Amino acid sequence: MFVLVEMMDTVRIPPWQFEMKLNDSIAEELNKKLANKVVYNVGLCICLYDITKLEDSYIFPGDGASHTKVHFRYVVFHPFLDEILIGEIKGCSQDGVHVSLGFFDDIVIPPESLQQPAKFDEAEQVWVWEYETEEGAHDLYMDTGEEIRFRIVDESFVDTSPTGPSSTEASTSGATEEVQKKEAPYTLVGSISEPGLGLLSWWTNS
Amino acid sequence: MKDANAALLSNFEVFQLLTDLKQQRKDSGKHKQSSGQQNLNTIMYETLKYISKTPCRFQSPEIVRDFLIAMKGHKLTKAEKLQLLNHRPMTAVEIQLMVEESEERLTEEQIESLLQTVSSILPGNPEEELQRQATMAAEEDDDPE
């Protein structure tokens with residue numbers, strides 16, 4: 001689920017950090033910039049793996065800081081398509097089952113990808129697999145906190161960089177409403193519609 | 001961005017990296033921790049918490065190397081071997097999930113042999129292993145030959 005990504009960036013080191021070893025201050029700056037952030041079309045950045053090349057550092061007029069072009073590799077969370085992962089159920093809604101890995105929360109398993117037949121229990125707000133055997137139907141509940149094994153079937157990246165000032169008419173009233181939808185920059189879509197997938201407790205023999 | 005997919009990392013490699021980094025930061029003392037490092041702290045803590053619950057916490061570089069050597073004969077793709085390494089499947093159903101078109105590529109004996117290799121080379125949870133062995137021994141006593 002993790003990949004190594006080769007990146008290149010210009011790192012700005014302010015003068016008060018000049019006493020640090022260059023590699024250390026560069027590592028710190030890169031981690032400050034990227035750790036726990038989603039890079040569009042790449043994934044969730046975890047931490048710096050190594051620095052592969054440092055080009056010369058320059059100081060530009062008007063700015064006392066040094067600028068260094070750095071080639072480095074970063075550890076990124078980016079599961080591949082069809083990968084099997086194990087996570088924890090965070091909750092259920094009409095949209096499906098929401099799963100989290102702790103460090104990454106935006107995973108959803110839509111209703112059509114659940115073990116069928118499935119129904120949504122409105123009272124308990126939980127999805128249920130109506131498992132049929134010769135004895136009749138067993139209702140298997142997908143409770144919060146349960147560990148679940150699922151397959152990645154899709155991913156989507158949303159560019160959440162701020163757009164420029166909009167050209168629509170500004171409202172003249174004092175309080176302008178911020179219609180900013182909080183969209184997750186990186187979402188994963190999972191599926192459990194195969195034997196072996198779903199709650200771990202459904203498939204253990206003991 | 002130079003190469004968004006330079007290499008696949010196993011959970012074990014990330015586990016090692018984060019554990020070493022955590023130790024390094026602990027050793028270097030707290031005074032260097034500026035507020036900007038909070039994101040790094042959070043992601044390291046959560047990722048380490050997640051990976052520490054997976055089989056990779058019992059692995060070592062030698063075990064990983066032995067596993068890959070043992071896998072050579074089985075004709076699996078890199079991604080498939082990686083999943084076996086990360087998950088340590090114990091049942092045929094899990095193998096079928098991780099190996100694409102396994103019904104066409106693997107016979108039942110081959111799946112058994114894969115399971116054997118996985119459970120013998122990759123260590124599992126020692127407590128669970130003891131429990132499993134105890135249950136298996138009890139079952140053997142139950143049906144006398």
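As annotated in an unreviewed UniProt entry, chain A is DNA-directed RNA polymerase subunit from Terrapene triunguis. Taken from UniProt, the Subcellular location (unreviewed entry) comment for chain A reads in full: "Nucleus".

**Q** Go over the interface of chain A and chain B, please, and point to the residues and values.
**A** At the junction of the two partners, chain A supplies 39 residues and chain B supplies 36 residues. Taken together, the links from chain A to chain B amount to one salt bridge. Taking the shortest distance from any N to any O, the salt bridge between Arg149(A) and Glu94(B) comes out at 3.4 Å. On inspection of chain A and its partner chain B, the count reaches seven residue pairs in polar contact (both at pLDDT 80 or more). Going through the elements one at a time, strand 1 (2-13), helix 1 (22-34), strand 3 (43-59), strand 4 (66-77), strand 5 (84-93) and strand 11 (147-157) of chain A are the ones with two or more residues in the side of chain A that touches chain B. Broken down by element, the residue count for the side of chain A that touches chain B peaks at seven residues, all from strand 1 of chain A. Here the side of chain A that touches chain B is composed, by residue class, of 25 nonpolar, five polar and nine charged. The pairing of strand 1 of chain A with strand 1 (residues 3-9) of chain B spans four bridges and is antiparallel. Its bridge partner being in strand 1 of chain B, Leu4(A) is matched across the sheet by Ala7(B).

**Q** An account of a negative patch on the surface is requested, with residue identities and associated values reported.
**A** On the surface, Asp82(A), Glu100(B), Glu101(B), Glu103(B) and Glu104(B) cluster together into a negatively charged patch. Along the chain, Glu103(B) turns up in helix 6 (residues 102-105). With relative accessibility at 61%, the residue Glu103(B) sits in the exposed group.

**Q** So what's going on with the pairing of strand 6 (residues 96-100) of chain A? Residues and values would help.
**A** Residues and elements named next belong to chain A. Judged by how many residues are buried, strand 6 sits mostly within the fold: four of five residues are covered. Sheet analysis places strand 5 next to strand 6, joined by five bridges and oriented antiparallel. The partner of Cys92 across the bridge, within strand 6, is Val97. Here strand 5 folds back onto strand 6, and the loop between the two strands holds two residues. Bridge analysis of strand 6 against strand 7 (residues 107-109) gives three bridges, and the strand direction is antiparallel. Across the sheet, residue His98 finds its bridge partner in strand 7, namely Val108. Taking the residues between adjacent antiparallel strands as the criterion, strand 6 and strand 7 are bridged by six residues, where Gly102 takes a positive phi near 95 degrees.

**Q** Describe the pattern of salt bridges, with residues and values.
**A** Side-chain pairs of opposite charge can arise whenever the charged atoms involved come near each other. All names here are of chain A. According to the stated counting rule, one finds 11 salt bridges over all chains in the structure shown. The partner of Glu194 in a salt bridge is Arg151, with the nearest N and O atoms 2.8 Å apart. In this pair, Glu194 is assigned in the loop between strand 12 (186-191) and strand 13 (198-199) and Arg151 in strand 11, connecting sequence segments 43 residues apart. Residue Glu194 is classed as partly exposed on the basis of its relative accessible area, which comes to 25%. Owing to a relative accessible area of 11%, Arg151 belongs among the buried residues under this scheme.

Each value, and the rule that gives it
Residues numbered from 1 in each chain as written. Chains lettered and ligands numbered in written order. Predicted model: local features only at pLDDT ≥ 70, side-chain atom pairs only at ≥ 80, totals over all residues. Heavy atoms only, no water. UniProt positions renumbered as here; feature names shortened; annotations may be inferred. Contact = heavy atoms within 4.5 Å. Salt bridge = Lys/Arg side-chain N within 4 Å of Asp/Glu carboxyl O. Polar contact = N/O pair within 3.5 Å; in protein donor to acceptor, adjacent residues only side chain to side chain. Helix = DSSP H or I, 4+ residues; strand = E, 2+ residues; numbered from the N terminus. Nonpolar A, V, L, I, M, F, W, Y, C, P; charged D, E, K, R; others polar. Pairing = 2+ DSSP bridges. Patch = residues over 30% accessible without salt bridge, like charges linked within 9 Å, V, L, I, M, F, W, Y side chains within 5 Å. Areas by Shrake-Rupley, 256 points an atom, 1.4 Å probe, with all protein chains shown as cover. Lys, Arg positive; Asp, Glu negative; His and termini not counted. Charge placed at Lys NZ, Arg CZ, Asp CG, Glu CD. Buried < 20%, exposed > 50% of the residue type's maximum accessible area, 1.4 Å probe, protein only.

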